[in-house]
Amino acid sequence: MRIRVSALVILFSLCLLATNPAEPSGPQSETAEPPTWSLAATGDSIITRPVSIYDDERLLDLVELVRGADIAFTNVETTILRLWDFKGWPAAGAWEQRGPAEMADELKWMGFDLANFANNHTGDFGIEGMVATMRNLERAGLVHSGVGMNLGRASAPAYLDTKKGRVALIGLASTFARHARAAPTRLDSRGRPGLNPLRVNRTYQVDPERMADLRRIGEELGSAVPESPEEPLRVGGTTFVQGPETKLIETVNPQDEERILHVIRNAAKQADFVIVNSHSHESGNTNEEPPPWLIGFIKKCLDAGAVTYIVHGPHRLRGIEIYKSKPIFYSLADFIFQYETEEPVSQDTYEAFDVVDPNALVSAVYDPEGQKGAYAMLPENAVWFESVVAIPVFKGHRMVELKLHPIEMGHKDALWHGDGRTTRGTPRLAKGELAKEIIDLVVRLSAPFGTNFVFEDGIGVWQP
């Protein structure tokens with residue numbers, strides 16, 4: 001009897017082996033060799049004019065660089081829609097950015113696969129403009145994330161299936177207009193379309209003498225002043241706490257943080273590689289530094305399962321950190337910066353640029369006088385018109401190579417600046433001394449994070 005039972009057990013085991021191979025052969029296999037894959041990572045694309053019309057070598061070489069990566073990403077920092085069939089209106093107070101619907105096709109032509117649309121221009125044309133942009137991105141075949149018809153959908157990853165594996169893209173913004181933030185659906189409400197927000201709580205710590213002054217001001221303004229100076233005080237919508245020194249205390253909203261980390265952990269099970277990006281204008285002690293709260297949050301995202309984190313928004317380069325063999329790009333600045341030819345613009349935009357002449361047209365907004373009064377993003381300042389295209393190469397989840405290709409967008413002293421406003425903002429590979437200057441800047445900004453680059457053959461090469 002024992003012999004028969006043993007024979008049955010052996011026969012059953014052989015059947016299991018025949019029908020259940022030990023390991024799948026795809027990219028998610030734990031024992032198979034992890035795939036080697038590359039990512040072309042860029043910053044902000046404010047695209048209002050065609051790029052595909054140009055045929056100069058430095059632009060075409062840049063396009064081939066983007067197309068040559070297994071996956072290519074950019075941040076779409078503009079609405080993309082046709083005004084003539086658009087049913088909505090510009091949002092109040094916005095310096096609205098808008099590119100024609102065909103600009104989505106231009107980005108696809110350049111080789112981009114993935115796009116973020118969570119930024120401070122998501123809501124420039126209201127919910128209708130957000131939806132129109134989503135439709136145009138999808139029509140062009142661009143996988144996008146960061147926005148949705150409620151908070152759950154805005155937080156959700158977008159997926160791209162490739163021969164190297166499945167990629168999840170999670171987009172969010174810490175810099176955004178309040179009206180653009182998505183809201184969750186509840187039992188008694190529909191939720192609100194918008195972007196995936198990462199709110200930052202800001203409290204000002206002041207010394208006892210200044211706290212006493214603020215308490216008096218609060219009483220005079222009719223604010224609710226707590227009995228004890230040890231309790232937080234709100235005056236004019238700002239929260240103050242007493243402490244030994246005066247400083248700003250910034251912390252990530254815990255509900256937003258946990259929601260985003262939860263989505264990353266889920267995406268790490270649903271995809272082979274998770275890419276997270278945020279539109280974050282906020283600075284640390286200087287404009288060249290990221291704020292401490294962002295550094296801490298990013299590392300939590302990588303620990304949750306992301307393979308890289310890309311920041312865009314400051315319109316200037318910042319340093320690069322390698323954390324547990326995963327790259328953090330604290331700002332990749334601009335990639336396409338054609339903001340000077342967006343037309344028409346609303347009255348709010350004229351006011352933002354201090355253009356008071358009632359007969360002034362759009363050119364006055366972008367003239368030096370208007371620029372100096374608002375954002376000072378003049379072509380004379382190369383910081384806004386120089387950047388890099390980062391090409392990290394991964395072996396599974398571990399970065400094994402990183403090259404930085406310097407680009408310029410036609411600023412005043414660049415190698416190529418065409419005829420000024422009508423061509424400025426279109427990227428080209430930087431060469432010679434200009435290329436070295438751009439890489440030298442990244443070297444300086446990355447040194448505090450312990451990341452080393454050398455300038456070789458016109459590009460920056462990571463030295464592990």
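Here, the structure is the one placed above.
All figures in this text were calculated on a predicted structure; none of them were measured in a lab.

Conventions and cut-offs
- Residues numbered from 1 in each chain as written.
- Predicted model: local features only at pLDDT ≥ 70, side-chain atom pairs only at ≥ 80, totals over all residues.
- Heavy atoms only, no water.
- Helix = DSSP H or I, 4+ residues; strand = E, 2+ residues; numbered from the N terminus.
- Buried < 20%, exposed > 50% of the residue type's maximum accessible area, 1.4 Å probe, protein only.
- Areas by Shrake-Rupley, 256 points an atom, 1.4 Å probe, with all protein chains shown as cover.
- Pairing = 2+ DSSP bridges.
- Axes fitted to C-alpha atoms, helices over the stretch in contact; angles between N-to-C directions.
- Contact = heavy atoms within 4.5 Å.
- Phe/Tyr/Trp six-rings, centres within 6.5 Å; stacked < 30°, edge-to-face > 60°.
- Lys NZ or Arg CZ within 6 Å of the ring centre and 35° of its normal.
- Polar contact = N/O pair within 3.5 Å; in protein donor to acceptor, adjacent residues only side chain to side chain.
- Expected span 1.5 Å × (residues − 1).
- Core = buried A, V, L, I, M, F, W, Y, C linked by side-chain atoms within 4.5 Å.

1. Some words on the overall build of the protein
Here's step 1: Helix and strand counts for the protein come out as 12 helices and 24 strands.
Here's step 2: Here the protein holds 464 residues, and 54% of them are scored as buried.
Here's step 3: Entry remark: accessible area of the protein is about 21600 Å², with carbon and sulfur atoms responsible for 53%.

2. Comments concerning the sheet that holds strand β8 (residues 158-162)
Here's step 1: Strand order across the open sheet formed by six strands is β8-β9-β15-β16-β18-β17, with mixed pairing between neighbours. Of all strands in the sheet, those bounded by a partner on one side alone are β8 and β17 (320-323). Each adjacent strand pair in this sheet contributes to an overall mean axis angle of 20 degrees, direction not counted.
Here's step 2: Two strands pair when backbone bridges link them, and β8 and strand β9 (residues 165-173) are joined in this way by five bridges, in the antiparallel orientation. When the sheet's bridge partners are listed, Ala158 is paired in β9 with Leu169.
Here's step 3: Seen against the sheet, helix α8 (residues 292-304) touches β9, β15 (273-279), β16 (308-312), β17 and β18 (326-329) and runs at an angle of roughly 145 degrees to β16.

3. What about the packing of aromatic side chains?
Here's step 1: Across all of its chains, the model carries 12 aromatic pairs by this definition.
Here's step 2: A centroid spacing of 6.3 Å and a plane angle of 90 degrees characterise the contact between Phe297 and Tyr309, whose relative ring orientation is edge-to-face. In this pair, Phe297 sits in helix α8 while Tyr309 sits in strand β16, placing the two residues 12 residues apart along the sequence.
Here's step 3: One aromatic cluster is present, formed by Trp95, Phe337, Tyr339, Phe353, Tyr366 and Phe385 through successive ring pairs.
Here's step 4: Lying over the aromatic face of Trp109, Arg67 brings its terminal NZ or CZ to 4.9 Å of the ring centre.
Here's step 5: Of note, Arg166 hangs over the ring of Tyr159, and the distance from its end group to the ring centre comes to 3.9 Å.

4. Concerning the side chain of Thr349
Here's step 1: If you trace the backbone, Thr349 turns up in helix α9 (residues 347-352).
Here's step 2: Looking at Thr349, its side chain comes within polar contact range of the side chain of Glu96, at 3.1 Å.
Here's step 3: Excluding its chain neighbours within four sequence positions, the residues that come into contact with Thr349 are Ala94, Trp95, Glu96 and Val365.

5. Here we look at the sheet that holds strand β12 (residues 233-235)
Strand-to-strand pairing in sheets goes through backbone hydrogen bonds, with the strands running parallel or antiparallel.
Here's step 1: With mixed pairing, four strands are arranged side by side in an open sheet as β12-β13-β11-β14. Each edge of the open sheet carries a strand with a single partner, namely β12 and β14 (247-252). Neighbour-to-neighbour, the strand axes of the sheet open up by a mean angle of 35 degrees, direction not taken into account.
Here's step 2: For β12 and strand β13 (residues 238-242), the ladder comprises three bridges, and the chain directions are antiparallel. Considered in β13, the bridge of Leu233 is made with Phe240.

6. Some details on the side chain of Arg259
Here's step 1: Summarising the element assignment, Arg259 is placed in helix α7 (residues 254-270).
Here's step 2: With a relative accessible area of 18%, Arg259 lands in the buried category.
Here's step 3: At 2.7 Å, the side chain of Arg259 and the side chain of Asn196 are in polar contact.

7. Some details on helix α6 (residues 208-221)
Here's step 1: The first and last C-alpha atoms of α6 sit 20 Å apart over 14 residues, in line with the 20 Å expected at 1.5 Å per residue.
Here's step 2: Where α6 is buried, its residues contact β11 (200-206), β12 and β13.
Here's step 3: Phi for Gly222, located one or two positions after α6, is positive at around 85 degrees.

8. As for the nonpolar core
Here's step 1: With 44 residues, the main nonpolar core has Phe112 and Phe335 as its most contacted residues.
Here's step 2: Elements that contribute at least two residues to this core include exactly β1 (36-46), α2 (57-68), β2 (71-76), α3 (103-110), β19 (334-337), α10 (363-366) and β20 (386-395).
Here's step 3: No other element matches the five residues that α2 contributes to this core.
Here's step 4: With sequence-adjacent residues up to four places away left out, Phe112 is seen in contact with Thr42, Val66, Ala72, Phe73, Thr74, Leu107, Leu142 and Phe335.
Here's step 5: Grouped together as the second largest cluster of nonpolar side chains are 35 residues, Ala158, Ile275, Leu404 and Trp462 included.

All quantities given are derived from atomic positions and should not be read as evidence of function.
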